[in-house]
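A look at the structure
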Amino acid sequence: VSKAATEPNQVRPDLEAASASRQFLRGLSTPSAPALVMCLLVFLGLHGAGILALNEEALAGPGLAGRIASNPDNDSYLWTTSRAYAAHFARLDTQVSFDLVIVGGSGHSEVIRRDGQLEGGLEAELGCEVEVLHLQGAGQDLYESATLVDLVGGLKGVVLLGVSPLRFLTMTPKARLEHHEGGRRQPIAGAFEDEERERFGLEPLSLTGVHYVDHFNFYAPRLPNLFRSLLWLGPATESPFYSRGIPWPEEAIAGAAAGFMKTLGRSAGGKTSLSDSARDMIRANLDLVSRLSTRLARRGESARFALLEAPLDPDFIENSLGAEWYVDYKNCVERLASERDWPYWSLSAEARLTHKDFYNVNHCYGLSARRRFTAALVSQLRGLVSRQGDDK
Amino acid sequence: VKEGFPFVLGALLQGVFLGVLLFVAIVQLYVHGSGAQVFRYQGF
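Residues numbered from 1 in each chain as written. Chains lettered and ligands numbered in written order. Predicted model: local features only at pLDDT ≥ 70, side-chain atom pairs only at ≥ 80, totals over all residues. Heavy atoms only, no water.

Along the backbone of chain B there are one helix and zero strands. Out of the 44 residues in chain B, the part that is buried amounts to 20%. Carbon and sulfur atoms make up 74% of the accessible area of chain B, which totals about 2,900 Å². (Helix = DSSP H or I, 4+ residues; strand = E, 2+ residues; numbered from the N terminus. Buried < 20%, exposed > 50% of the residue type's maximum accessible area, 1.4 Å probe, protein only. Areas by Shrake-Rupley, 256 points an atom, 1.4 Å probe, with all protein chains shown as cover.)

Pasting the structure below:
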């Protein structure tokens, strides 16, 4: 008589194990209430984590967060800036006419000296007084530039339009990025852009875009801020992307550049070139400026346009953007500018700018670098401003 | 029939798997929903 037969209530261990694994497999393969509940919990958890991870305002640190908080959308920021300028111009002596108006972003603002070197240099070259109006501002995009130039009266000389890959290709998407709500895809154009385009006689833009920076690489450096906010450890610290004077960490630059290239570059045979959509963005921006130029001519103002490329750290171009991509970009801008008979200047070589002159990838603020760049700009402008003078 | 602990464990694991799958599927549909175009420009 076996032992099992004498103890009928005791299940054999091997049978019990087989039954447990069968139950486990049945649980795994059949629909059930616990599976449904768990599925919903996991989905909602991931969704919540995603929203939290995409929350720029909480994670960007005081720099960008402050700007977003005080400007619920980019449009109001643009309006505030342009209306302030409009009020300023309204008070200006209407007899003043400007020989040179410069618009651009922070890269241009910082590298062109405003302490008289530019004016003095031009006056020495031309032998007459030169009136320069500096309208460069941090984060200014090409729509803002066009609006600001349109607000200025008495343009008789040169409008120097600062350009850069960032201004052409990411500023408008950035405008939407600043007030997206957890989503990645957003239309590229806001009410301000639409109104401006209408004012300049252009149709509203019909663009949609994906956040231009690779998410993981862009947000990874912000993870410490995420943990700070989750653990109530106090306010977020300054993000390395937005802090001034602190070198960007190499891996963050490489990550951001990889995301940038993913959107704006096209790789073939180991070479990366400018994508068609990037060319379209450049053309769209220059079309707007063309309309501005026509508008000014109709107003009887004899302004000549010239494009000035913002300096970029040569190491960044070489190692992250890719020299081929940058050459392709510059060729594209040059071709589109020559179609409109606008000079296009890139003065980094003339100004002998090196990696050491830059405190981050697109800003250099050293006095020596600014002197060299401003001198190179004076020598370029000399020909153009005097040509304008001869035309009068 | 009263289900045992192994069944519940299996069901929870199934839930985790399906939840992740659902999330990834929805994100992919959302991001690449309209032809995975990074920028679409339709002219003036």
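On we go.
Here we come to the side chain of Asp150 of chain A. On the secondary structure map, Asp150 of chain A appears in helix H9 (residues 142-151). When residues no more than four places from it in sequence are discounted, the contact partners of Asp150 of chain A are Arg199, Phe200, Leu292, Arg295, Leu296 and Arg299 of chain A. (Contact = heavy atoms within 4.5 Å.)

A separate point is the environment of Leu202 of chain A. Residues and elements named next belong to chain A. You can see Leu202 is positioned in the loop between helix H12 (191-199) and strand E5 (208-210). Looking at Leu202, the relative accessible area reads 5%, which means it is buried. Between the alpha carbons of Leu202 and Arg291 there is a distance of 8.2 Å; along the sequence they are 89 residues apart.

Turning our attention to the sheet that holds strand E9 (residues 344-345) of chain A. Residues and elements named next belong to chain A. With parallel pairing, five strands are arranged side by side in an open sheet as E2-E1-E3-E8-E9. Lying at the two open borders of the sheet, with one neighbouring strand each, are strand E2 (132-134) and E9. Across two bridges, the pairing between strand E8 (residues 304-309) and E9 is parallel. Pairing of Leu308 across the sheet is with Trp345, part of E9. (Pairing = 2+ DSSP bridges.)

Residues and elements named next belong to chain A. Most of strand E1 (residues 98-103) is tucked away: six of the six residues are buried. For E1 and strand E3 (residues 155-163), the ladder comprises five bridges, and the chain directions are parallel. Bridge pairing links Leu100 to Val158 in E3. The sheet contact formed by E1 and E2 spans three bridges and is parallel. Bridging from a neighbouring strand, Val101 pairs with Leu133 of E2.

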